[in-house]
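What the coordinates show
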Amino acid sequence: MIGSSQTRLLLAIVLLVAFGAGFWAFATRTGSGRTDAGAPAGPTVVEAAVESARRTAGTRLVPPPKVDQSEAIALATTVLWPMRVRLELVRAAYLPIDGESAPVGSGQDARLSGRLTGRGGDGLRAEVHFVEGPNEGTVLSTDLEGEFGSNRLFPGLNIVEVRRGSEVMARREVRLRQRRDTLLNIPFSKPAAVFGRVLDDQGEPVLGASVRIDGRPGRTDENGEFLVQNVAPGEVLVEIEANGFANFRQLLGVTLGTLIPKGRLVYALRPGCDLEIRIADQVGGPGPAYVYIQSSIERESNEDRNFPWYELNPVEVQPGASVMVRGLPPKAISVRTFRAGARAPRKRLSLQSDRTNVVTIPLTAGELITGVVVENGEPAADANVRLEALDRVHATLSFLRESSYYLETEVMSMLPPAIQETRTDRDGRFTFGVYEDASAVRYIEARSSDYSSWAGRLLRAGERSVELQLVDKSLGDSTVEIDFVGRFQGLPIELVIDGQPYDSFVIPAGDPLEIEGLMAGEWRLSVDWHGEPVVTDERILLEGRWSRELVTPVPAVDGQDEEDWKRAGKSYPR
C-alpha cells in the first residue's frame, strides 16, 4: 500500500504460520486409489483428528504490493543493484517454551529455492504447490524474476506441482534434507515431447491407459502408444493408471527441447490386486479409522518405488465395516491403522492378483485426550484444534523406529503420532489419540472458525483433559523499519522473508523501508548491497515496532553510470 504522498511504501506481509503452528487450512482431498463399498480411497472431509496426519502447516506469505516498471522509473534512480534485505523468523513470541523440551517446530529446517523461466529466460509468474508428502498444503509464489523459496520446510520426499491458474505446468518429486539446501530450477522455454508405449505383463498393448508425464496428460491408443507434449526438462514424474492394473509411477530424465521417439520408452503394467480392509471392533473414536498402506520392502531403490502410495493413503474405514481397495501392486505390504482412543497392530501380507486379499484389523482400547474450547464463556463450535509433537520429524521416526534416511524412501505424510487436527463439535468438545511414546510433550492450539481468536499451550505427559480459552489474537502486528540514511535518490529493494523472495521495488529518497504485519518474536536480519555486507545475521527481538538506521554504501547513494547499466544489459534511466 503506497501512501497518498507517495513517500512511504508499506509492505503488508502476513505470516500465516510459524514453525508449523498458527493459521492452517483444512482441505478436501479425494485419493486416487480405488475403493468400493461406498467409501472413498481417502477422507473427503476433515472430521477426525487422525486426518491431520496428512496435513501440514506450510508457510504462506501474502506478497507485498507490486511496483511496476513505470512506477520504478518515475522514482528516478540510477542505483543499478538492489539492496537485498533478508528476514528469517527464529522463534515466534506466542509459541510456548519450557527450557527442557525442543522448541515448537523443531525439525522444520529443510530449505528449497529455485527459479521458473519462460521463453527467452524471463521469470515466470506461477505457484509451487506441495501436493503430497510432509509439506503438503504449502504454497510458494514466484516473484517477477520467477524466483521462489522457503527456509522452513520438513525434510523428506515431496510431490510438488507448478501451477499457473488452473493449469499444471510441471509435477516433480523433490527430495528435501535436514539443514540442507535443495535447488529446483525449471525452464519452460523449450519443452520436450515424449512418445511411449504401455503393455501388460504378457506384452500386449493396453488401450485407454491414462498417462501423466510431469503433470501433462496423455492416453494410450489401440497399440498402447501415447504422446505427451509440452514437457519441461528435468527429472519428471511419470504416472500411469489403467483399469485392472496396478497404478505405476517412475522418474524420467527429459532433456531441453528434445523428442523421445517411439520405441524407446516401454512401460509394463502389473495386474492389479484387490484388498479388503476390515475393521471389526467398535473401539475408540469418534470418527473413522485411517489405514496407511506401504511397501514392506525396506530400502527400496528408486527403480523399485513404482507404485504411488501417496495417492492412496490414508484409506478411511468405519469400524464395523469394510472397504475394498483396488489397483494395488502384487507385492508384500505393511498396513498401519490409526484411530483416536484405539490401538491397532501393524499388519504385513503379500498381495496376490488372482484372489481377493483380506486384512482384518483388530482394535483394542487406547487412551484418549479430551478437551473443550471455550470463547467468552460459551462452547466454541467448529473451532480448529491441532495437537502436534514439538519436533514432528523426530516423533515420526521414533514411532516408526527408523533412522532419518527413512524419510527418503517414500513420499509420506506426517502420521498421527506427529500431528493430529480436528474440529470441535457443537459443544466445543474434541478428542485426540495419545501417542506419548513418540513425543512426551506436545503443543496444542485452537482457533475460532473465523481465525480471529486463539488459544495454545504445551501439553505434558499424563495430561488427558484440557480446556482452551480463546482470546482475540493478532499474530501479524509488528513492524520493522529500516532507514537507509544519506540518500538523495530512490533505492531498489529486494526483500526475502523466510527464504521467500518478493518483487523488487524502489523506495524514495529520504523514506524508510517499512515492513508491516510481521509476527512478534526473534528474527534474524541480513542486509547487503551488490555483495557488500551491511548487516550480517543480526538478531532482533520484534514486538510492536523495531527501527534501525543503516549507513547506505556510497555506490548505492551515488548510483552507477550508463556504462555499468549497459554492461548489466539494462537501459539507463533518463
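Residues numbered from 1 in each chain as written. Predicted model: local features only at pLDDT ≥ 70, side-chain atom pairs only at ≥ 80, totals over all residues. Heavy atoms only, no water.

**Observations regarding the overall build of the protein chain**
Put simply, the rule is: Every helix listed is a DSSP run of H or I at least four residues long, and every strand listed is a run of E at least two residues long, numbered separately from the N terminus. Only protein chains enter the calculation, and the probe is 1.4 Å; a residue is then buried if its accessible area is under 20% of its type maximum, exposed if over 50%, and partly exposed in between. Whether two residues are in contact is decided by their heavy atoms: any pair within 4.5 Å suffices. Only the protein chains shown count as covering a residue, and every accessible area follows the Shrake-Rupley method with a 1.4 Å probe.
Broken down by element type, the protein chain carries five helices and 45 strands. Buried positions account for 55% of the 574 residues belonging to the protein chain. For the protein chain, restricting intrachain contacts to residue pairs at least 6 apart in sequence, the fraction spanning at least 24 positions comes to 70%. A total accessible area of about 23800 Å² is found for the protein chain, and carbon and sulfur atoms account for 47% of it.

**Quick word on the nonpolar core**
Keep this limit in mind: Definition of nonpolar core: a set of buried residues of the types Ala, Val, Leu, Ile, Met, Phe, Trp, Tyr and Cys, connected through side-chain atoms within 4.5 Å.
If you look at the biggest cluster of nonpolar residues, it comprises 39 residues, and the most contacted ones within it are Met 83, Val 85, Phe 484, Ile 493 and Trp 523. The dominant element in this core, judged by the number of residues it contributes, is strand β5 (residues 83-92), at five residues. Core analysis: the next-biggest nonpolar cluster, separate from the first, contains 24 residues, Trp 309, Leu 328, Ile 333 and Ile 361 among them.

**With respect to the environment of His 530**
The residue His 530 is located in the loop between β43 (521-529) and β44 (532-542) in this model. His 530 gets classed as partly exposed once you look at its relative accessible area, which sits at 48%. Along the chain, His 530 and Pro 82 lie 448 residues apart, while their C-alpha atoms are 7.3 Å from each other.

**As for the pairing of strand β34 (residues 429-433)**
For clarity, the threshold we go by: By definition, two strands form a pair when at least two bridges between them are found by DSSP.
The buried fraction of β34 is high, at four of five residues. Taken together, the five bridges between strand β30 (residues 368-375) and β34 define a ladder with antiparallel strand orientation. The residue of β34 that forms the bridge with Thr 370 is Thr 431.

**Thoughts on the sheet that holds strand β6 (residues 110-117)**
Heads up, the condition is: Between N-to-C directions, angles cover 0 to 180 degrees, with each direction set by a line fitted to C-alpha atoms, over the stretch in contact for helices.
Across the sheet, which stays open at both edges, the three strands sit in the order β9-β6-β12 with mixed pairing between neighbours. Both outer strands of the open sheet, β9 (147-153) and β12 (181-187), are each paired with one neighbouring strand and no more. Averaged over neighbouring strand pairs, the angle between their axes works out to 15° when direction is ignored. In this structure, β6 lies alongside β9, joined through five bridges in antiparallel fashion.

**Overview of unusual backbone geometry**
Cis geometry marks the peptide bond from Gly 285 to Pro 286; its omega dihedral reads 10°. By the secondary structure assignment, Pro 286 is in the loop between β21 (273-279) and β22 (289-295). Note that the residue after Asn 313, namely Pro 314, is joined by a cis bond; omega there is -10°. Structurally, the position occupied by Pro 314 is in the loop between α2 (309-312) and β23 (315-317). Residues other than glycine seldom take positive phi values, yet Asp 214 does so here, at roughly 60°. Mapped onto the secondary structure, Asp 214 falls in the loop between β14 (210-213) and β15 (216-219). A residue is classified by how much of its surface remains accessible, and Asp 214, at 0% relative accessible area, is buried. Phi is positive for Arg 401, which is not a glycine, with a value near 60°.

**What to know about the sheet that holds strand β25 (residues 332-338)**
Pairing in this open sheet of four strands is antiparallel, and the strands run β23-β22-β25-β27 from one edge to the other. Of all the strands in the sheet, the pair left with one neighbour each is β23 and β27 (347-350). Between one strand and the next, the sheet's axes are offset by a mean angle of 30°, whatever the strand orientation. Of the strand pairs in this sheet, β22 and β23 are connected by three bridges, and their pairing is antiparallel. Residue pairing across strands places Tyr 290 opposite Glu 316, the latter belonging to β23.

**Side note on the pattern of salt bridges**
Side chains that differ in charge, positive against negative, can pair when their charged atoms come close. What counts is decided by this rule: Criterion for a salt bridge: a side-chain nitrogen of Lys or Arg within 4 Å of a carboxyl oxygen of Asp or Glu.
Per the stated rule, a full pass over the model turns up 40 salt bridges. In this structure, Arg 460 and Asp 98 form a salt bridge, with 3.0 Å as the shortest nitrogen-oxygen distance. Of this pair, Arg 460 sits in the loop between β36 (453-459) and β37 (465-472) while Asp 98 sits in the loop between β5 and β6, and the two are 362 residues apart along the sequence. Under the relative-accessibility criterion, Asp 98 is labelled partly exposed at 24%. Glu 436 is the partner of Arg 464 in a salt bridge, and the nearest nitrogen-oxygen pair spans 2.7 Å. Here Arg 464 is found in the loop between β36 and β37, whereas its partner Glu 436 is found in the loop between β34 and β35 (442-447), with 28 residues between them in sequence. The class for Arg 464 is partly exposed, based on a relative accessible area of 22%. On the basis of relative accessibility, which here comes to 21%, the residue Glu 436 falls in the partly exposed class. Each of Glu 161, Arg 163, Arg 171, Arg 212, Glu 239 and Glu 311 takes part in a single network of salt bridges with overlapping partners.

Bear in mind that shape data such as this cannot, by itself, settle questions of function.
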